Amino acid sequence: MENTDGISNQVSNNTAYARNGKIMLCSGIILFTIVVFIVCFHSYARWIFKHRQRRRHLLSLSVTPTAAGAADKALDPSILGTLPTFVYSSKTQDSVLQCAVCLSEFQEGEKGRLLPKCSHTFHVCCLDIWFHAHSNCPLCRAPVQSDKVPETIAETVVPVIEEADPESEQANLQQLGMIALRLASGNATDTALYIKRMLNDTSGLDPSTEQALTDCAQHYVDANQQLDDSVAALLANAQHDVNAWVGAAIADAESCEDGFKESGSQDFLLTARNAIFKQLCNNALAINKLLTAN
Ligand SMILES: [Zn+2]
Ligand SMILES: [Zn+2]
């Protein structure tokens, strides 16, 4: 009798144990499902929030009124071509870089563009879209190119004469030629410095671009020397020598441009600067030609 009681007790214990086990298992599954649901919902909410923030940011970039109306104009493509680009690499970059247009961090191998005036960096694609409708930095609003570079004799030489003291109102052709040569020489110095700054400040430059830039820096140093020689020739009334020296300086700018083509570099960073320098040299040549005719 005691034996059968013991067996039935054990059977009911086993049944209770199995039932408790099932309850535990069900609770476990329910709890797990809830946790998974919460995690998914949290990630989704975060994604929505980030997406909205990004959209709002892009929207604000496209509608924010700027003080200067000129900044709302699209950037001249020839200027865009002169802005240095780089390939992001965490090995060469100490800190994390963020693109202020799309708010994402630069990933390994992504192509960026540097604005030389304010040193802000952006993805090439993000910045180029921005420049379809603006000509300033999306972050600090600094104009990409505030110093308007004069391009013609009228724009370069005449204002210099007008600002000079009254005696030089009678500036003869030789003085005019001197001014034109000094402007070209000043421009060459400026470009040589610009290149050196770019080489120092931009990390991750494409090796072929870096080589082309290094060569150009030397070309502009040479051009500067040749323009100094042309000033001496002009003072000595040796118009033929002026022609030769200025011609050599123009050839330097052309070698710089060719260097980019030959190196296979994708970025013609100095095209606009080379063109302006050649124009300034041609101004001097035009005045020298008048001197030769007189
Ligand atoms: Zn971006
Ligand atoms: Zn900026």
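Preceding this paragraph is the structure being described.
To start, this report covers the structure provided alongside it. Residue positions within a chain follow its written sequence, with the count starting from 1. Both sets of labels track the order of writing: A upward for chains, 1 upward for ligands. Local features in this predicted model are restricted to residues of pLDDT 70 or higher, and side-chain atom pairs are both shown and tallied only at a pLDDT of 80 or more, whereas totals for entire chains, interfaces and linings draw on every residue. Hydrogens are left out, water is left out, and the side-chain values use all remaining heavy atoms of the structure.

## Observations concerning the coordination of the zinc ion (ligand 1)
Next, step 1: The donor set comprises N, O and S atoms within 2.8 Å of the metal, extended to 3.2 Å for Na, K and Ca; water molecules are omitted, so apparent gaps in a site may simply reflect that omission. Protein ligation of the zinc ion (ligand 1) involves Cys99 (SG), Cys102 (SG), His123 (ND1) and Cys126 (SG), the donor distances falling in the range 2.0 to 2.4 Å.
Next, step 2: Relative accessibility thresholds used throughout: buried, under 20% of the residue-type maximum; exposed, over 50%; partly exposed, between the two (1.4 Å probe, protein chains only). Take histidine 123: its relative accessible area is 7%, and that puts it in the buried class.
Next, step 3: In this structure cysteine 126 comes out as buried when scored by relative accessible area, which is 15%.

## A few points about the coordination of the zinc ion (ligand 2)
Next, step 1: Ligation of the zinc ion (ligand 2) by protein atoms is provided by Cys118 (SG), His120 (ND1), Cys137 (SG) and Cys140 (SG), these donors lying 2.0 to 2.4 Å from the ion.
Next, step 2: Angle rules define the geometry names used: all angles between 85 and 135 degrees makes four donors tetrahedral, while opposite donors over 155 degrees apart and all other angles between 65 and 115 make four donors square planar and six octahedral, leaving every other case irregular. Each of the four donor atoms around the zinc ion (ligand 2) contributes to a set of angles spanning 104 to 115°, which defines the coordination as tetrahedral.

## Digging into the environment of arginine 141
Next, step 1: Among the secondary structure elements, arginine 141 is positioned in the loop between helix H3 (124-130) and helix H4 (153-163).
Next, step 2: Taking relative accessible area as the criterion, arginine 141 reaches 27% and is therefore assigned partly exposed.
Next, step 3: With 23 residues separating them in the primary sequence, arginine 141 and cysteine 118 have C-alpha atoms 9.3 Å apart. The secondary structure listing takes helices from DSSP runs of H or I that are at least 4 residues long and strands from runs of E that are at least 2 residues long, numbered from the N terminus.

## With respect to the sheet that holds strand E2 (residues 111-114)
Next, step 1: Only strands that DSSP links by at least two bridges are regarded as paired with each other. Within the open sheet, the three strands sit side by side as E1-E2-E3. Their pairing is antiparallel. Strand pairing shows two members of the sheet lacking a second neighbour, strand E1 (85-87) and strand E3 (121-123), which therefore form its edges. Strand-to-strand twist of the sheet, defined as the mean angle between neighbouring strand axes without regard to direction, takes the value 35°.
Next, step 2: Summarising the sheet, E2 and E3 pair through three bridges and their orientation is antiparallel. Each bridged residue has a counterpart across the sheet, and for leucine 114 the counterpart in E3 is threonine 121. Axis lines are fitted through C-alpha atoms, for helices just across the contact stretch, and the angle between N-to-C directions can take any value from 0 to 180 degrees.

## With respect to the side chain of asparagine 187
Next, step 1: Along the chain, asparagine 187 turns up in helix H5 (residues 173-201).
Next, step 2: Accessibility expressed as a relative area gives 13% for asparagine 187, which makes it buried.

## Quick word on the state of the cysteines
Next, step 1: By definition, disulfides here are pairs of cysteine sulfur atoms that lie within 2.5 Å. Following the criterion strictly, the structure yields one disulfide and no others.
Next, step 2: Two residues share a disulfide in this structure: cysteine 216 and cysteine 256, whose sulfurs sit 2.1 Å from each other. A torsion of 100° about the S-S bond marks the disulfide between cysteine 216 and cysteine 256 as right-handed. Taken together, the positions of cysteine 216 in helix H6 (residues 207-235) and cysteine 256 in helix H7 (residues 239-263) put the pair 40 residues apart, joining distant regions of the chain. The same class applies to cysteine 216 as to cysteine 256, namely buried.

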